[in-house]
Amino acid sequence: MTARLSLFANPDGTAAKAAGHFGTVSKTILAESSLPAATQKLVLLRTSQINGDGYATDVWSKNAAAAAESATRINLVAAWRESTVFTDAERAALALAEQGTRIADAAGGVSDEAWAAAVEHYDADQLADLVVLIALINATNRMGVIVRQPGGDYQPGNLG
């Protein structure tokens, strides 16, 4: 599979500038948030899996492994509900990410139960960071899927 288009082909183009801003915002959350780094990577990976973004799934699974996340947890993130390797806080973040990603599929969007579970484990700043992170990865996943950016060649450390 080859990409249909590179959003960064013209570095002076509006698409490249706008996509670069997405990257800058994402890096700010990844570097500065008090939301645990492992939780961030799990949320980014799970959201990318749901959206079918091969490139982002490649990025976030490799970045998680490079950050010493276990292969078991990386492999089980797609089945987190049926797994024993995630904390209650991580489960709350994953539930929020899934419901926030599947807004169009869910009658009421994010349920009060999912929000309440997240509130139990994260403070207001962490919740805000989590909401922005979920929204950003959904937007970038959509860009990747639309242009068919293939996964497989990413080298850990280049992003997040």
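Residues numbered from 1 in each chain as written. Predicted model: local features only at pLDDT ≥ 70, side-chain atom pairs only at ≥ 80, totals over all residues. Heavy atoms only, no water.

**Student:** Honestly, the environment of T87 in this entry has me stumped. Any pointers?
**Tutor:** Among the structural elements, T87 can be located in the loop between α4 (71-76) and α5 (88-101). Judged by its relative accessible area of 41%, T87 is partly exposed. (Helix = DSSP H or I, 4+ residues; strand = E, 2+ residues; numbered from the N terminus. Buried < 20%, exposed > 50% of the residue type's maximum accessible area, 1.4 Å probe, protein only.)

**Student:** Is there a simple way to think about the packing of aromatic side chains in this case?
**Tutor:** Within a pair of aromatic rings, the relevant descriptors are the distance that separates the centres and the angle that separates the planes. For the structure on display, the rule yields one aromatic pair. With a centroid separation of 6.4 Å and 85° between ring planes, the pair formed by Y55 and Y154 is classed as edge-to-face. Of this pair, Y55 sits in helix α3 (residues 54-66) while Y154 is found in the segment after α7 (124-147), placing the two residues 99 residues apart along the sequence. Residue classification places Y55 among the partly exposed positions, given a relative accessible area of 28%. (Phe/Tyr/Trp six-rings, centres within 6.5 Å; stacked < 30°, edge-to-face > 60°.)

**Student:** Would you mind going over the layout of surface pockets with me for this structure?
**Tutor:** Empty space among the atoms becomes visible once a probe the size of a water molecule is rolled across them. Looking at the second largest pocket, its volume works out to about 160 Å³. Lining the second largest pocket are L96, G100, T101, I103, V110, W115, V131, I134, A135, N138 and R142. Put simply, the parts of the chain that give the lining of the second largest pocket at least two residues each are α5 and α7. If one sorts the elements of the lining of the second largest pocket by residue count, α7 sits on top with five residues. (1 Å grid on protein atoms, 1.4 Å probe; cavity = no way out; pocket = protein on both sides within 12 Å on 5 of 7 lines; lining within 4 Å. Points joined across faces, edges and corners; volume = space filled by probe spheres on them.)

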